[in-house]
Structure formats: C-alpha cells, structure tokens
Amino acid sequence: MTDSLAIESRGLTRTFGSCTAVNGLELRVPRGIIYAFLGPNGAGKTTTIRLLLGLLRPTSGTILLNGELLTQERRELMRGIGALVETPSLYPHLTGQENLEVTRRMLKLPRSRVADALAVSGLSADGNRVVHAYSLGMRQRLGLALAWLGEPSLMMLDEPANGLDPAGIRELRGRLQQLAHDHNVTIFLSSHVLNEVEQVADCIGIINRGQLLFQGKLHELQRYQAPLTVVADRGLDAAALLKANGWRVLKNSENLLEVQISLDADIAAVNRCLLDNGLHVYRLERRQETLEDLFLRMVVN
Amino acid sequence: MKDLFQVLAAEGLKLRRTLALRLAIWCPTVIVLLVFGIYAGRSEKLGDPDLLTGFAQLTLTIWTIILFPLYAALIAALVAAVEHQNEGWKHLLALPVDRSTIFVAKWIAGIGLLLLSSLVLATGVVATAEALRLMKPTWSSSPLPSVMIFRGILLSSCAAGFLFSIQMWISLRWRSFLPGIVVAVIALALMFVAIPRGIALFGSLFPWSLPAMAMAPHNPYRPIAVGLGLLGGVLVGAVACWHLSRREFC
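### Description of the overall build of chain B
Part 1 of the reasoning: The secondary structure content of chain B amounts to 11 helices and zero strands.
Part 2 of the reasoning: Since a compact globule built from 250 residues should have a radius of gyration of about 18 Å, the 20 Å found for chain B is in line with a globular shape.
Part 3 of the reasoning: A principal-axis box enclosing the C-alpha atoms of chain B has dimensions of 65 × 40 × 30 Å.
Part 4 of the reasoning: Within chain B, the fraction of its 250 residues that count as buried is 52%.
Part 5 of the reasoning: Of the contacts formed within chain B by residues at least 6 apart in sequence, a portion of 78% connects residues at least 24 apart.

Below you can see the structure in the form of structure tokens.
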C-alpha cells in the first residue's frame, strides 16, 4: 500500500508554542494523480507543505515520500520533487534564464533543461530579461518552471494559479493534467480557486484548523452534499416513517422535511418508502452543490 | 560536501549585478583614490624619501582600521540578503543538497568578495603610487614596498576570518541588516577605546582588531593575530554552519 503512495503521513503534528498548526494528519496521496489540498486561510496547508519538504520538523508523526521515510539527513529523497511554496523564490537581479541556471547547477542537470523549462512555461522570449521587470504572471510561470526543472515525479504546488490570467490558468490546468496522466507525475496542489480544483483534481483533502476533515475522490464528497428536500401531504407522519426506517431527518414541518442522504439511489429509496406507506409525495429536490458550497459547509460546520 | 563545487558555481552566478560585487571593487578603489587625491595635492618640494611608503601606509590604515570591520559586516549582510530578501531559503533548503554545503558555499562566496576587495586595494595602492611617481618627478626616488603591501594585505585578510565568520553567522541568522551592523559598530567603538590605551593583548585577541594587528609589519603580535584570525574563522564558521543547517526556515 505504501509503495503506491507518493505521499503518506502518519500522525503528522506540528505545534508552534501553544498553537497546533497541523494535528495528527493522515495524508494518503496516490501516485500519478492530482491531489488538491484545500482549506481556509490559516488551516495549516502551507505548514503541511513545508513539513513535506523538510523545511519544518514535525513535532510528532512521520512522513513518507515515495515509500521512503523523510528525515533531515536524507536530502537525496528530495531529488525527484519539485516545489513552489507560496510566492516563487526568484532573484530579481538575475534574468529568467539565470534564475533557472542557478538551480540547474546545484542539481547538476544537463544545460538543455533550462531552455526546456523556459519553453514549457512559455518564457523563451523573455528568458534574457531580468526578473524584476517581469509581471506577476511571468514570475509565477518562472516559479513553475523552477519546480519542473528537474523533471520531478512529485510536484508540490502552493497556489500555482496565483497571478495568472484566465488563459494562463487554463494552460496550467492542461499542463498539470498532462503531467499527471501522461507522465505519471504526482501533483499535490493547494489552492483557493475551488472551481479550478474541481476541474483538475482526482482526489481532494480538506483541512481546517490543522485537522483533515475529508480525503478521497471528488465523487465521495456526495455524502456531504445538501440534504433531500421532500414535500409530502403529511409531513409529520412522513418524518416518523423515515426515522423508523433508519433515515436521518434533519428538519420537518407540516408538509416539508429534509432528509440526510449519501447517494442518488437514496432519493429513490426515500420516495419508495413513502409511497409504499400510502403517503403522497409532491416534490423531491436535492440542490446540486458545487465544491465551493461543500467546502464552505464543511469548514464552517 | 561532494556538491560544493556546483553550489559554489551557483553562488557565483547569484552575485552577478549585486551591490556586494560592486562594493568589493568600488570601496577599496574609492579609498585608494581618496588618499591619492590627498597626496597628489602635496607640494613637489617635499623630499621625504619615505613619501610613497607613507602613502601606502595611510591607505592601508584607513582601510584596515576604520573601514574594514564595517565593510566586512556589510558584505556579510549583502551576501545573506540575496536569500533573505527573495524568500530564497524555502527553495534552496528544499533541494536535494546537503544544507551544510549550502552554508559553506555562502561563507566562501563572502570570503571571495573580501579577497577580491583586498586584491583591488593592493593593486590600486601600487598603481596609484606609480602614478604619483610619474606626476611628481622629485618623488621618483621614493621606494614603494610592493611586497610589504601585498603581504600586509594578505595577512590582514587572513586575520579577518574570525570577525567575518561572526558577521556571516549573524547575517544568515537574522533577516535584518541591523544586528550585524550594530555588532560591527560596537566592536569598532571597543577597538578605538582599548587599543589606544595600550591594551595590546586585547588588541591581539579581539576579532575586529586582528586585521589591523596583522597589517603592521613590525608588530610582535602579528603571528598571533593571523593565527587566531584563521583558526577562529574556521571554528566559528564550522559551528555556525552546523547551527544554521539545523535551523528551521519558516
């Protein structure tokens, strides 16, 4: 199981004084997918990424990258990992090409990697300009080029769409999907742009106040979807009947009730239960929620 | 340490177009030209046979005693600032490169800049002394102890290792320029208080006075100053690299 995971954490905890930034995190990130790590500001996303990159030491717990235990001494584990943490770490007095060349030298990569990385990020024409003349979007693309420079098998990206225009975001989305699905690169990305995450992520993890609230495939979030609204002729009788059959009734009144369900098949089951017992069902409605709706409801609740 | 060469090559590239590199050339050049200007304005009738030696000594004294401690602090701060100001640590320390190698390379880069400035200083003194000789025909017989100049500057640079390692440690530990500059200013003040009072032992042990002690050719404490500067530089540098390698960078 561990071998099929690009990232695994066991009881990962990090405290800063009396503040617990990350609390018992059990991450399971399969290889070759796009894993979106979501959470409100201050939830612990960046702290988690810094722990995964070895920039911070865990207070307790362990981290495995590609099945190998991460420690301060085992720097070679970071080979094959590319990262972009918050803002890109660029030297504004150097050109785009020189910025990539600095990392290329340290990683002992072939010289051709610089031109390749510039081409992939669409900065070939601007490679000889100093970075302090770059726009925000260009800096972000150069930061992504830096993360990609070593052709890693695992990329950790913190807010990669920051500063990109819609065309740039779409291009990034396509690029990430291509890397994950065609080149088996695992992409661990944290983002606030939930509608973008919805389009690219294979799995998501939702963190709030240092704790993982949900981890799994997008469709598994269904069980957190909005309840089923039922309008029936005898609401109170309908509520009693459904409770007796094991359904969780969240709200009920004379004609209207809300029933907690997980799957679409449950809608038919609720309907059948009421009809079989002589009740008239006038309306069944389940509001389709976006990832944003689900996310907000999970972190607020 | 096996990646040291590659990391040094990267450090060298980072110094392109930086203020640190420009200062390494311009600071000693300005001092040399300043003293040159003073001597160029002197009357040609002065027949002091040691005039050019005096020119060299004045230049080296201004540089070593007054300027160098602050200059070394500034260079250390500027080398560290390349990463501090650009959030470079979170990228650098996440790379598959031994952290101690990264910090050793920073040290070597800083020492390289100090040696560059020493070379510029020595070359500048000799060149401007020759220019003075050409400008003032009556000074043509005044000897210029070029070997003494180069040796003095080299030994002074070696003796600067101790103070530079301390400054580098402070600059890499704190993002702000302030701690390093404050330490250098206080050290300079202590130096100006202690040495004129003839506290020679203090002068030969205090890191910030070692470059001056090593500069003077007839100073009996010269070997101690050079030895302590080198040994202290290596020891403090090693401890600092060890400490910084284990720090977390949030």
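### Focus: the confidence of the model for chain B
Part 1 of the reasoning: Per-residue pLDDT for chain B has a mean of 88; in total, 93% of the residues score no lower than 70.
Part 2 of the reasoning: The ipTM, which scores confidence in the relative placement of chains, is 0.88 for this predicted complex, and the corresponding pTM is 0.85.

### Brief notes about the pattern of salt bridges
Close approach of charged atoms lets side chains of opposite charge pair.
Part 1 of the reasoning: Using the criterion set out here, one finds 24 salt bridges over all chains in the structure.
Part 2 of the reasoning: The salt bridge involving A:Lys108 is made with B:Asp3; its shortest N-O contact spans 2.8 Å. A residue pair is termed interchain when its members come from two chains, as with A:Lys108 in the loop between helix 2 (96-107) and helix 3 (112-120) and B:Asp3 in the segment before helix 1 (4-14).
Part 3 of the reasoning: Since its relative accessible area comes to 6%, B:Asp3 is described here as buried.

### Quick notes on the nonpolar core
Part 1 of the reasoning: A:Ile7, A:Leu53, A:Leu65, A:Leu100, A:Met156 and A:Phe188 are the most contacted members of the largest nonpolar core, which has 125 residues in total.
Part 2 of the reasoning: Looking at which element gives the most residues to this core, the answer is helix 3 (residues 51-84) of chain B, with 16 residues.
Part 3 of the reasoning: Residues contacting A:Ile7, with those up to four places away along its chain left out, are A:Leu27, A:Arg28, A:Val29, A:Leu52, A:Leu64, A:Leu65, A:Leu154, A:Met156 and A:Phe188.
Part 4 of the reasoning: A:Leu144, A:Ile169, A:Val185 and A:Ile187 belong to the second-largest nonpolar core, a separate cluster that totals 18 residues.

### Overview of the confidence of the model for chain A
Part 1 of the reasoning: Summary statistics for chain A give a mean pLDDT of 89 and a share of 98% for residues scoring 70 or more.
Part 2 of the reasoning: Of all helices and strands in chain A, the one with the weakest mean pLDDT is helix 9 (residues 291-300) of chain A (75), whereas helix 2 of chain A scores best (96).

### Description of the interface of chain A and chain B
Interface size is commonly expressed as the accessible surface area that is lost when the partners come together.
Part 1 of the reasoning: Contacts between the two partners involve 33 residues from chain A, matched on the other side by 31 residues from chain B.
Part 2 of the reasoning: Taking both sides of the interface into account, the surface hidden between chain A and chain B amounts to around 3,000 Å²; carbon and sulfur atoms contribute 56%.
Part 3 of the reasoning: When the area that chain A buries against chain B is broken down by residue, the three leading residues are A:Leu55, A:Arg75 and A:Met106, summing to 24%.
Part 4 of the reasoning: The salt bridge involving B:Arg16 is made with A:Glu98; its shortest N-O contact spans 2.6 Å.
Part 5 of the reasoning: For the pair chain A and chain B, the number of links is 17 residue pairs in polar contact (both at pLDDT 80 or more).
Part 6 of the reasoning: Elements with a contribution of two residues or more to the side of chain A that touches chain B: strand 1 (5-16) and helix 2 of chain A.
Part 7 of the reasoning: Residue contributions to the side of chain A that touches chain B peak at seven residues, all from helix 2 of chain A.

### So, helix 3 of chain A
Residue and element names in this part refer to chain A.
Part 1 of the reasoning: Taken together, the buried positions of helix 3 are Arg113, Val114, Ala117 and Leu118. Looking straight down helix 3, one finds that the buried residues subtend no more than 135° of arc, so they occupy a single side.
Part 2 of the reasoning: Among the structural elements, helix 2 and helix 4 (136-148) are those in contact with the buried residues of helix 3.
Part 3 of the reasoning: Positive backbone phi, at 70°, marks glycine 122, one or two positions downstream of helix 3.

Scoring rules and cut-offs
- Residues numbered from 1 in each chain as written.
- Chains lettered and ligands numbered in written order.
- Predicted model: local features only at pLDDT ≥ 70, side-chain atom pairs only at ≥ 80, totals over all residues.
- Heavy atoms only, no water.
- Helix = DSSP H or I, 4+ residues; strand = E, 2+ residues; numbered from the N terminus.
- Rg over C-alpha atoms; globule rule 2.2 N^0.38 Å.
- Buried < 20%, exposed > 50% of the residue type's maximum accessible area, 1.4 Å probe, protein only.
- Contact = heavy atoms within 4.5 Å.
- pLDDT = per-residue confidence, 0-100.
- Salt bridge = Lys/Arg side-chain N within 4 Å of Asp/Glu carboxyl O.
- Core = buried A, V, L, I, M, F, W, Y, C linked by side-chain atoms within 4.5 Å.
- Buried area = accessible area lost by both parts, 1.4 Å probe.
- Polar contact = N/O pair within 3.5 Å; in protein donor to acceptor, adjacent residues only side chain to side chain.
- Arc of directions from axis to C-beta.

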